[in-house]
Amino acid sequence: MSELDHWHPVLLSRELSDKPVAVTVCGQRLVVFRTRHGVAALDDACPHRGMPLHRGHVEDDRVVCPYHGWRWGADGRGESPGNPRAKPCAAHYDCVERLGAVWVKRPTSEAPFPFVDVGGHTLVGTLRARAKAPLEIVLDNFIEVEHTPEVHMFLGYTRGTMADVETQTTVTDDSVRVWNHGPQRPLPSLVRRMFAIPANAYFIDDWTTRFSPVHAVYEQYFLDGPHGPRAGEALRIAVFFTPVTARETDLFVLAYTNATRWERPLAAALRLPLVRAMVRLEVMRDCALLAHMADAPISLRNRALGRFDQSLVASRKLLERIYRKRPDGHLPVVE
Amino acid sequence: MSREAEAVVLGAGPSGLAVGGALRMKGVSFEVLERADAPGHTWRTHYDRLHLHTVKQHSSLPGLPWPAHVPMYPSRDEVVAYLEAYARHHRIEARLGETITRVRRDGDRWAVEHTSGTTRARHVVVATGYNRVPHIPTWPGREGFAGEVIHSGAYRNGRAFKGRRALVVGAGNSGAEIALDLWESGARTALCVRGPLHVVPRDVFGIPAQVNSLRVMSRLPPRVADRLSLLMLDRVVGDLSPWGIRRPAIGPVSQVLVNKQIPLIDVGTVALIKQGHIRVVPGIARFTEAGVALDDGSALDLDLVVLATGYRPALDAFLDDAPRYTDARGYPTHFGADAPAPGLYFVGYRNPLTGALHDIAREATAIAAHIARSA
């Protein structure tokens, strides 16, 4: 059993050209390359003598080892120009390009592909960012709002109103949902106009975390007054957490909006890059902060947890059971 | 029990509700009869991930725009919520649990026989839906097949089919999206495509196919529109024949106008076909115990077959003289206000490129105006 039994995004589509690329996912080094119509992933060491295959090139849908010219197809089947009767085989992975990213999983696994309900929305942008901290520590940061006054600039609450922010955590067999409701922090008028946010807006941050693979989908929108009708633009953002090694985690952020590109095309062409930049900035601030948490113990045992941390404990349990497939009670601990 | 009404509307799906809304705005009194226990029944039972394939900006029913926060392609649940809000907004209280058994001429009026009695009206609007009765073709050997066979109407999601070998029959919009859903659920999925097929991405360069067709294609002569569409499809879809999907000889716009056949609106299935994750196979010759034998002589072992083979309106089940008003497949040939019998109207049996709901809204408005004039 391995974490790679789940589908993981490993690259953004735009990061993969016609050259093979090395990626590390869950500590495994893979080479990812494009074939004529698809994408493929193999162990990044030529089974012949161990040469990293990403140093090679792609020819006829196969990656060619730069050392002795052995070549490997998407299904792992290889051939050697000098050993025409040999039928060598490389470890291969299921690989698909979807939602603007390249995803891999072990071919023996039947794990479902994560469903993100963005079929109605407009893509704002995709981004990959590396957080230099272990998966659990990174996930913790993304499933509570108490850090938003200190870390974030746009979306979230202020230190002064944090005590008034309502938060509700709902746990099911395979998901943890967190709903937060509080006064939106003051915003520059340009940003307010950009999102059509009313003056007395309340910000709802409502997300659900699932664990095959580990990802959270955020629904972020505004109310006109504490219990008023919905107002302004809404974002739907999916964040996938791909462990690179035990100490680093890649974030794949797929950001969508309920606004369209085609109704006021000129305004949208100006606005969408701004929204994209804003999402990037906020994620970068998370990553900068998380770098200081690289050596923090993963366990939550003996931590002084507050009311916003309920989802952390629930998520750790599901992460252990669903993602890591370890029996209850295993480290990283929750009590 | 016998009742009287100015107009009676058969069905409380989008079409029936739209006519109800349009009649309410004209001040005409009406009754709506619905066989299910809630309005919008078919939408409630569609598969989980379904979104409207047309944008909400061009899919509202008469008198009520979509809420601002709903994204451009509303989800199934958002469509249901909209239909409920629509009924509330126009105070349409459909009589539920009323199956229509017969519609007949009765003097200068129509008599509608239904579960709880007969309702008579001068105007009867048939809005029983595009999707009334699942169309299930027959194949030899079907009874001997050891796996499961369901119609797409009964498919909700792929959770139960992880690791199973699945075949979706029929490359309409639901068939293609169900194949995508099954693949995502971890099923080994094939899609059966029998005839030639145009494939149109739902959005091209960020512009919805529906907007493109409303603003550009439907304003051009069909031959020009065909040429333009094919140029665009060459660029964004390309030749799918290596995967077993052939293009029809007729262009995509003419195909809708002449054959009444809409292209496949792709929401991601084609990318999975090209990447080799979903296999396209030819038609089924017959079922075997282990699976199916295909038209090309090959065999496919299967655990599940989903028949996305469509629906029929089956109006002859209740409408006297139905063949007078319908084509060979049972679809009405008259729309808006020109059915050849006075006071008889059909709405919601077309599926144009400009969108079914868009068309329903226009038809409903025309029908209500006609009824109001003759009321």
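Reading guide: rules and limits
Residues numbered from 1 in each chain as written. Chains lettered and ligands numbered in written order. Predicted model: local features only at pLDDT ≥ 70, side-chain atom pairs only at ≥ 80, totals over all residues. Heavy atoms only, no water. Domains from an automatic or database assignment. Contact = heavy atoms within 4.5 Å. Buried area = accessible area lost by both parts, 1.4 Å probe. Salt bridge = Lys/Arg side-chain N within 4 Å of Asp/Glu carboxyl O. Polar contact = N/O pair within 3.5 Å; in protein donor to acceptor, adjacent residues only side chain to side chain. Helix = DSSP H or I, 4+ residues; strand = E, 2+ residues; numbered from the N terminus. Buried < 20%, exposed > 50% of the residue type's maximum accessible area, 1.4 Å probe, protein only. Pairing = 2+ DSSP bridges. Lys, Arg positive; Asp, Glu negative; His and termini not counted. Patch = residues over 30% accessible without salt bridge, like charges linked within 9 Å, V, L, I, M, F, W, Y side chains within 5 Å. Areas by Shrake-Rupley, 256 points an atom, 1.4 Å probe, with all protein chains shown as cover. Charge placed at Lys NZ, Arg CZ, Asp CG, Glu CD. 1 Å grid on protein atoms, 1.4 Å probe; cavity = no way out; pocket = protein on both sides within 12 Å on 5 of 7 lines; lining within 4 Å. Points joined across faces, edges and corners; volume = space filled by probe spheres on them. Nonpolar A, V, L, I, M, F, W, Y, C, P; charged D, E, K, R; others polar. Core = buried A, V, L, I, M, F, W, Y, C linked by side-chain atoms within 4.5 Å. Axes fitted to C-alpha atoms, helices over the stretch in contact; angles between N-to-C directions. Phe/Tyr/Trp six-rings, centres within 6.5 Å; stacked < 30°, edge-to-face > 60°.

1. A few points about the domain arrangement of chain B
Residue and element names in this part refer to chain B. Structurally, chain B comprises domain 1 (2-132 + 311-374) and domain 2 (136-307). The straight-line distance from the C-alpha centre of domain 1 to that of domain 2 is 28 Å. In this complex, domain 1 contributes 20 residues to the contact, which on the side of domain 2 involves 29 residues. For the pairing of domain 1 and domain 2, the buried interface totals around 2100 Å² over both sides, and the portion due to carbon and sulfur atoms is 56%. The largest contributions to the domain 1 side of the interface with domain 2 come from Tyr47, Arg49 and Leu353, which together make up 36% of the buried area.

2. Re the domain arrangement of chain A
All names here are of chain A. Under the domain assignment, chain A is made up of domain 1 (3-105) and domain 2 (122-323). For domain 1 versus domain 2, the separation of C-alpha centres amounts to 33 Å. Listed by partner, the interface residues are 16 residues for domain 1 and 18 residues for domain 2. Both faces considered, domain 1 and domain 2 share a buried interface measuring about 1400 Å² in area, 59% of it formed by carbon and sulfur atoms. Where domain 1 packs against domain 2, one counts one salt bridge. Between Arg128 and Glu15 there is a salt bridge whose closest N-O contact spans 3.0 Å. Linking domain 1 to domain 2 there are ten residue pairs in polar contact (both at pLDDT 80 or more). Within the residue set of the side of domain 1 that touches domain 2, elements represented by two or more residues are β1 (8-12) and β2 (21-25). For the side of domain 1 that touches domain 2, the element with the highest residue contribution is β1, accounting for five residues.

3. Let's talk about the pairing of strand β14 (residues 201-211) of chain A
Residues and elements named next belong to chain A. Among the eleven residues that make up β14, ten are buried, leaving the element largely enclosed by the rest of the structure. As judged from the nine bridges shared by strand β13 (residues 175-183) and β14, these two strands associate in the antiparallel manner. In the sheet register, His181 faces β14, and the bridge partner there is Ile204. In this sheet, strand β15 (residues 214-224) lies alongside β14 in antiparallel orientation, the contact comprising eleven bridges. Along β15, the bridge assignment pairs Arg210 with His215. Between β14 and β15, which pair antiparallel one after the other, the connecting turn spans two residues.

4. Some thoughts on the side chain of Asp226(B)
All names here are of chain B. Within the fold, Asp226 resides in helix α6 (residues 222-236). Here Asp226 sits buried without a salt bridge, and the closest side chain of opposite charge, Arg223, lies 7.3 Å off (N-O distance). Not counting residues within four places of it along the chain, the set of residues in contact with Asp226 comprises Gly251, Pro252, Val253 and Ser254.

5. Considering the pattern of salt bridges
As enumerated under the stated definition, the model contains 42 salt bridges over all chains in all. One salt-bridge network, in which partners are shared between bridges, spans Glu3(A), Glu136(A), Glu320(A), Arg324(A) and Arg326(A).

6. Comments concerning unusual backbone geometry
Residue and element names in this part refer to chain A. Each neighbour pair has its own omega, and for Ser212 with Pro213 the value is -5 degrees, a cis peptide bond. For Asp61, which is not glycine, the phi torsion reads 70 degrees and is therefore positive. Checked against the element boundaries, Asp61 lands in the loop between β5 (57-59) and β6 (62-64). Look at Asp61 and you get partly exposed, because its relative accessible area is 24%. Residue Lys325 is not a glycine yet carries a positive backbone phi of 55 degrees. Relative to the assigned elements, Lys325 resides in the segment after α5 (310-323).

7. Observations concerning a positive patch on the surface
Residue and element names in this part refer to chain A. Together, Arg14, Arg261, Arg276 and Arg280 make up a positively charged patch on the protein surface. Here Arg280 lies in helix α4 (residues 265-290). A relative accessible area of 37% means that Arg280 is categorised as partly exposed.

8. Considerations on empty space enclosed by the protein
Residues and elements named next belong to chain A. Applying the stated criterion to the full structure yields one cavity of 30 Å³ or more. By volume, the largest cavity amounts to about 310 Å³. In this structure, the largest cavity is lined by 20 residues; those nearest its centre are Phe142, His152, Tyr218, Gln220 and Asp286. Looking at the lining of the largest cavity, the elements with two or more residues in it are α1 (135-142), β14, β15, β16 (230-243) and α4. For the lining of the largest cavity, the element with the highest residue contribution is α4, accounting for five residues. Its residues assigned to classes, the lining of the largest cavity shows eleven nonpolar, five polar and four charged.

9. Some remarks on the interface of chain A and chain B
Bring the parts together and some accessible area is lost; that lost area is often taken as the interface size. Listed by partner, the interface residues are 23 residues for chain A and 29 residues for chain B. Taking both sides of the interface into account, the surface hidden between chain A and chain B amounts to around 2200 Å²; carbon and sulfur atoms contribute 58%. Among the residues chain A hides against chain B, the three largest losses belong to Arg98(A), Glu110(A) and Trp262(A). Together they make up 30% of the total. There are one salt bridge connecting chain A and chain B. A salt bridge links Glu184(B) to Arg98(A); the shortest N-O distance between them is 2.5 Å.

10. Observations regarding the nonpolar core
Formed by 86 residues in total, the largest nonpolar core has its most connected members in Leu23(B) and Leu182(B). The residues touching Leu182(B), leaving out its near neighbours within four places in the chain, are Tyr155(B), Gly158(B), Phe161(B), Ala166(B), Val168(B), Ala187(B), Thr189(B), Leu304(B) and Val306(B). With 55 residues, the next largest nonpolar core counts Phe142(A), Val165(A), Val239(A) and Tyr323(A) among its residues.

11. A closer look at the sheet that holds strand β15 (residues 284-287) of chain B
Residue and element names in this part refer to chain B. One open sheet accounts for three strands, arranged β15-β16-β17; its pairing is antiparallel. Strand pairing shows two members of the sheet lacking a second neighbour, β15 and β17 (299-301), which therefore form its edges. Ignoring strand direction, the axes of neighbouring strands in this sheet form an average angle of 25 degrees.

12. Observations concerning the packing of aromatic side chains
One pass over the full model with this rule turns up 18 aromatic pairs over all chains. Centre to centre, the rings of Phe113(A) and Trp183(B) are 5.7 Å apart; their planes meet at 40 degrees, and the pair counts as tilted. Residue Phe113(A) is found in the loop between β10 (101-105) and β11 (122-131), and its partner Trp183(B) is found in helix α4 (residues 173-184); the two belong to separate chains. Given the relative accessible area of 9%, Trp183(B) is considered buried. When the centroid spacing of 6.4 Å and the interplanar angle of 75 degrees are considered together, the rings of Phe346(B) and Tyr349(B) count as edge-to-face. The class for Phe346(B) is buried, based on a relative accessible area of 1%. Cluster of aromatic residues (ring-pair linked, three or more members): Trp7(A), Trp103(A), Phe113(A), Phe240(A) and Trp183(B).

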